[in-house]
Amino acid sequence: IPYTLRDYTGRSLGGGVAVMAADGTVSIEPTLPAGYAEVAFPEAGQRFGVLALARRAGPRDPFFGIDAALTWLETRRATREALIAAMARVGIAMARERLNVGLLNGQPDTYHWGYDHGDDTLRAAYEAAGVPVLELFWGTPPAFEAGLSRRFAQNLVAQSRSWEAVTRRYGSSWGAYEVGNEPDLDQPAMPADQYVATVKASACASDRVTPRPPVIGGVFANVPPGAYFATARANGLLDTIDGLSFHQYDRAPAVEGQVRAYRDYLRAGGHEGLPLWLTECGHPWTMGPDRPPMAEDATSAMEIAAKAVEARACGVARFCPFVLPFYEEGGIKSFGMFGREATPLRSFAAYAQAIAALSGLDYRGDLPLGAPAKRARVFGGAEGDWVAVIYSGEPAAGIALPAKPRRTAGADGRDLPLADYALPLPDGLSYAWFDPQAVRGLLRTDTVATELTAASRRPEPPRPAASPLLLQFSYRPELGQISKAAYHLSKATAAALPLTARLQNLSDTPLTVTPSLSLPGAAGATLPHAPVTV
């Protein structure tokens, strides 16, 4: 069967004739340069991706994760295990998954382990490969008394006990877990106090298990400031979590400003150094083909790798691009770092190269380069070469470097030619490695990224044990309208101002608490209150 080989840019690498074995397996044995290659069988109309890259040696850098979503998007056990092996090979340190508690624990004290295409076997495969899971909890069983929004249970005792049971079952495969997904986009909309009550219930569940998995909250789609964010902070979100996660689907240069907005938000809440986790971050391509056209594939690859570079420079603690398997969304666009046939796209190759180039290195500053460079971040360690990552946002002829690099590479790690210090930018993203002494004095260190990295390193005290007493506002539709910003009361309702809250005790023993109600002005000091035993 005739085949052709092409590199990252579509340049021919030759071809040949593939051999079909008696069992129908088709194989080729090419010798490939480092980087991405595409194998095409013209007569069959099929294409496959190959990533030629040395296996990642040494400890994995915890920054580099991925939104794998195999629970949801890949149900074949053999393919799941092959994708996990690929993650481990390139050095991915954490894989984001999804656990629908609504399906797993639909009835009280009844657990359907392995309900969704073998969750037990999937998490066991991650554990065997040494790739910890970032578990995403979502779904509300009807038995938990779903409120106006299906995501937020009203029976927090039942929900906390359920999450505790799940943690005991799967926690050995976890590196952390997230509470909910993009609650600021929830429909019907609910103010953030409902979400924070859920986070507090999950923190209580986490505290009851040893070792205690870190609780990651927020999982926001938008960027502060705003009423939703202010309400979350006022209700104690930042005091309840070990890290705050957010999502980003803009172009790479926007990462810096978004991280800065989140640091300002954390600083205002007294938690400037709280770790930021970027747990969804991608760039789609046109829906339709099993593998994207080369230009769209290359743009997606450039943006994912560049976002990793920007997040690293800005002090983000964890980075998870979206999404590992092939995925068609909303009938209009596709995501995926592997094609429908489960072989690598350029985006996986570019991300693997970013892991290989930046693991273990710290942001040092920017090279002062002009157009077409939009970013020129430099990273280095105590020993070895420093690497500059130059991003132009689109293919460009090249850019003059202020010093001669030891070597250069494209987005996928393939060697690039260098002529008279001019670095080519055929992928919109290129790498150049330097002797540190050659560039140390050239760097700009008074950058926003430098400030953000310093803020991320400010000491943050460990999260205190979560209180087992939870207060949750019980809102009824007849009270008025509702949005993610506030509860909007009618004039008639506001005249009586009925406030009903549920106080729940997540511990094993009765507890007594004296609730209080604060209102603007002097009225709050005169409202009667008395002890309540729960």
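The preceding data block contains the structure.
Keep in mind the model is a prediction, meaning the values are calculated, not measured. (Residues numbered from 1 in each chain as written. Predicted model: local features only at pLDDT ≥ 70, side-chain atom pairs only at ≥ 80, totals over all residues. Heavy atoms only, no water.)

Here the focus is the overall build of the protein chain. What the protein chain contains, in helices and strands, is 14 helices and 30 strands. Scaling as 2.2 N^0.38, a compact globule of 534 residues should have a C-alpha radius of gyration of about 24 Å, and the protein chain matches this with 26 Å. In terms of overall dimensions, the protein chain has a C-alpha envelope of 80 × 60 × 45 Å along the principal axes. For the protein chain, contacts bridging at least 24 residues in sequence account for 72% of all contacts bridging at least 6. Accessible area for the protein chain stands at about 22400 Å²; split by element, carbon and sulfur atoms hold 55% of it. The protein chain carries 50 positive and 54 negative side-chain charges, and their two centres are separated by 3 Å. (Helix = DSSP H or I, 4+ residues; strand = E, 2+ residues; numbered from the N terminus. Rg over C-alpha atoms; globule rule 2.2 N^0.38 Å. Contact = heavy atoms within 4.5 Å. Areas by Shrake-Rupley, 256 points an atom, 1.4 Å probe, with all protein chains shown as cover. Lys, Arg positive; Asp, Glu negative; His and termini not counted. Charge placed at Lys NZ, Arg CZ, Asp CG, Glu CD.)

The next point concerns the side chain of T447. Counting through the fold element by element, T447 comes out in the loop between α12 (436-439) and α13 (448-456). A relative accessible area of 5% means that T447 is categorised as buried. Polar contacts involving the side chain of T447 include one to the side chain of Y363, which spans 2.9 Å. When neighbours within four sequence positions are excluded, T447 is seen to be in contact with Y363 and D366. (Buried < 20%, exposed > 50% of the residue type's maximum accessible area, 1.4 Å probe, protein only. Polar contact = N/O pair within 3.5 Å; in protein donor to acceptor, adjacent residues only side chain to side chain.)

Overall, the coordinates contain 32 aromatic pairs when judged by the stated rule. Taking 6.2 Å as the distance between ring centres and 80 degrees as the angle between the ring planes, the aromatic pair formed by F229 and Y262 counts as edge-to-face. Taken together, the positions of F229 in helix α7 (residues 227-234) and Y262 in helix α9 (residues 254-268) put the pair 33 residues apart, joining distant regions of the chain. The burial state of F229 is the same as that of Y262; both residues are buried. An angle of 85 degrees between the planes, with centres 5.9 Å apart, marks the rings of F322 and Y327 as edge-to-face. (Phe/Tyr/Trp six-rings, centres within 6.5 Å; stacked < 30°, edge-to-face > 60°.)

Here we have five strands laid out as an open sheet, ordered β18-β19-β20-β24-β22, and antiparallel in their pairing. Every other strand in the sheet has two partners, leaving β18 (362-366) and β22 (407-409) as the edge strands with one partner each. The average undirected angle you get between the axes of adjacent strands in this sheet is 25 degrees. The sheet contact formed by strand β20 (residues 386-391) and strand β24 (residues 429-434) spans six bridges and is antiparallel. If you follow W386 over to β24, its bridge partner there is F434. (Pairing = 2+ DSSP bridges. Axes fitted to C-alpha atoms, helices over the stretch in contact; angles between N-to-C directions.)

Attention now goes to the layout of surface pockets. Its volume calculated, the largest pocket comes out at about 1300 Å³. Surrounding the largest pocket, 43 residues form its lining, L471, Q472, F473, A501 and L517 being those nearest its centre. Elements supplying a minimum of two residues to the lining of the largest pocket: α6 (192-207), α7, α8 (237-240), β25 (469-473), β27 (487-489) and β28 (501-505). For the lining of the largest pocket, the element with the most residues is β25, which contributes five residues. Among the residues forming the lining of the largest pocket, the class breakdown is 28 nonpolar, 11 polar and four charged. Space inside the second largest pocket adds up to approximately 590 Å³. What lines the second largest pocket is a set of 32 residues, among which R98, L136, W138, R151 and N181 lie closest to the centre. (1 Å grid on protein atoms, 1.4 Å probe; cavity = no way out; pocket = protein on both sides within 12 Å on 5 of 7 lines; lining within 4 Å. Points joined across faces, edges and corners; volume = space filled by probe spheres on them. Nonpolar A, V, L, I, M, F, W, Y, C, P; charged D, E, K, R; others polar.)

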